[in-house]
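Okay, here's what each chain looks like letter by letter:
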Amino acid sequence: MHSPAKTVAWQAGLFACLAGGCGSPPSPGRALVIAHRGDSRQAPENTLAAFRAALAAGADMIELDARASADGTLWCLHDATLDRTTNARALLDRTPVRIGEISSQQIEILDAGGWFDPDFAGQRVPTLSSALDLIQSGSVALIERKSGDAGAYIRLLREKDLTGKVVVQSFDWAFLEQVHALEPLQPLAALGDKDPSPDRLEALQGTGARIVAWEYQHLTPDVISRLHQRGYAVWAWTPDREADWQRLIAWGIDGIITNRPGALSATIRRRAVPQPAA
Ligand code: G3P
Ligand code: CA
């Protein structure tokens, strides 16, 4: 068992280990601001424009979704198909267009910005590699694996000298185990979205994850404290309202994944300033 103080020390240690080239680690003991799919209210999700906006908003970390195309290249994309967030349907004249069934050459020509706003027309679906180059220039990537095997992710991180400098997360805990076996020092987050039952929490041990990222409406002070006692950092996804942020912070949350990173940063800054007595 670890004490909550040790959990905070561990999180500071995580950022010390991530610090190579990532700028100053955030102050230990305050919740990390993690931009969801980039700053996805300001720019089309999972594009370089969204990642740039998240850097400008001062996000400690930037979450993205990653999937493999038919030839095994890793791309930033949330859905299994390209239909919602690109012009693939019109360009390829079929639907659905599954990323796992098409080639890199077909993906490279797609527009991933026009659906969001004409101002963003011309944005491409970024490769995971290009996204990491941008994000690591001023923040830390939180890579959510949606598809692709553990070997492909570890190969890319090794090629780019990024093992231990980003966090990999997944709902697929068997995938996390595989990554852990390949690269035991790679920081991992286990995602969950249902009531965190004792069995589920027990199963965390096999994943190699030291971070638990849970759907925020299922988090309670008791769950957070039990996870802290076991030595896990606890992150919440994806609250966007001030009242939810304040409640989670009061409960000791270690990181918040949000679609409003700029507003969350401002809330955390305000909390750090002592308020005058009424
Ligand atoms: O970061 C966790 C969160 O992104 C999981 O849900 O559907 O947005 O990938 P989803
Ligand atoms: Ca995600």
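Our subject is the structure that appears above.
How each quantity is defined
Residues numbered from 1 in each chain as written. Chains lettered and ligands numbered in written order. Predicted model: local features only at pLDDT ≥ 70, side-chain atom pairs only at ≥ 80, totals over all residues. Heavy atoms only, no water. Helix = DSSP H or I, 4+ residues; strand = E, 2+ residues; numbered from the N terminus. Buried < 20%, exposed > 50% of the residue type's maximum accessible area, 1.4 Å probe, protein only. Contact = heavy atoms within 4.5 Å. Areas by Shrake-Rupley, 256 points an atom, 1.4 Å probe, with all protein chains shown as cover. Phe/Tyr/Trp six-rings, centres within 6.5 Å; stacked < 30°, edge-to-face > 60°. Near = heavy atom within 4 Å. Polar contact = N/O pair within 3.5 Å; in protein donor to acceptor, adjacent residues only side chain to side chain. Nonpolar A, V, L, I, M, F, W, Y, C, P; charged D, E, K, R; others polar. Donors = N, O, S within 2.8 Å, 3.2 Å for Na, K, Ca; no water.

Caption draft 1: Main features of the overall build of the protein chain. In terms of helices and strands, the protein chain carries 11 helices and nine strands. Per-residue burial for the protein chain yields a buried fraction of 52% across its 278 residues. Long-range contacts, defined here as pairs at least 24 residues apart, represent 58% of the contacts in the protein chain between residues at least 6 apart. A total accessible area of about 12,100 Å² is found for the protein chain, and carbon and sulfur atoms account for 52% of it.

Caption draft 2: Representation of unusual backbone geometry in the model. Cis geometry marks the peptide bond from Thr95 to Pro96, where omega comes out at -5°. On the secondary structure map, Pro96 appears in the loop between α3 (88–92) and α4 (104–108). For the bond from Trp237 to Thr238, the omega torsion is -15°, close enough to zero to count as cis. Phi at Asn46 takes a positive value of approximately 55°, unusual for a residue other than glycine. As for its placement among the helices and strands, Asn46 is situated in the loop between β1 (32–35) and α2 (48–56). The class for Asn46 is buried, based on a relative accessible area of 2%. Of note in the backbone geometry, Asp93 takes a positive phi value of approximately 55° without being a glycine. Here Asp93 falls in the exposed class, since its relative accessible area comes to 68%.

Caption draft 3: Structural view of the packing of aromatic side chains. Under the criterion given, the structure shown has five aromatic pairs. Their ring planes at 80° and their centres at 5.6 Å tell us that Tyr153 and Phe175 sit as a pair that is edge-to-face. You can see Tyr153 sitting in helix α6 (residues 150–159) and its partner Phe175 sitting in helix α7 (residues 173–182), a full 22 residues away along the chain. In this pair, the class of Tyr153 matches that of Phe175, namely buried. Relative to Trp237, the ring of Phe171 lies with its centre 5.6 Å away and its plane at 85°, an arrangement referred to as edge-to-face. Remark: Trp237 occurs in strand β8 (residues 233–237) and Phe171 occurs in the loop between β5 (167–170) and α7; sequence separation between them is 66 residues.

Caption draft 4: Up close: the site of ligand 1. Around ligand 1, a shell composed of His36, Arg37, Glu63, Asp65, His78, Glu144, Lys146, Gln169, Phe171, Leu191, Trp237 and Ile257 is seen. Measuring from an oxygen atom of ligand 1, one finds a side-chain N or O atom of Glu144 at 3.0 Å. Between ligand 1 and Lys146, the relevant distance is 2.8 Å, taken from an oxygen atom to a side-chain nitrogen or oxygen of the residue. Among the residues forming the shell around ligand 1, the class breakdown is four nonpolar, three polar and five charged.

Caption draft 5: Representation of the coordination of the calcium ion (ligand 2) within the structure. Summarising the metal site, the calcium ion (ligand 2) is bound by the protein donors Glu63 (OE), Asp65 (OD) and Glu144 (OE), whose distances to it range over 2.1 to 2.3 Å. Motif for the calcium ion (ligand 2), donor spacing along one chain: E-x1-D-x78-E. Separated by 79 residues along the polypeptide, Asp65 in strand β2 (residues 61–68) and Glu144 in strand β4 (residues 140–145) bring together distant segments of the chain. Each member of the pair, Asp65 together with Glu144, is buried.

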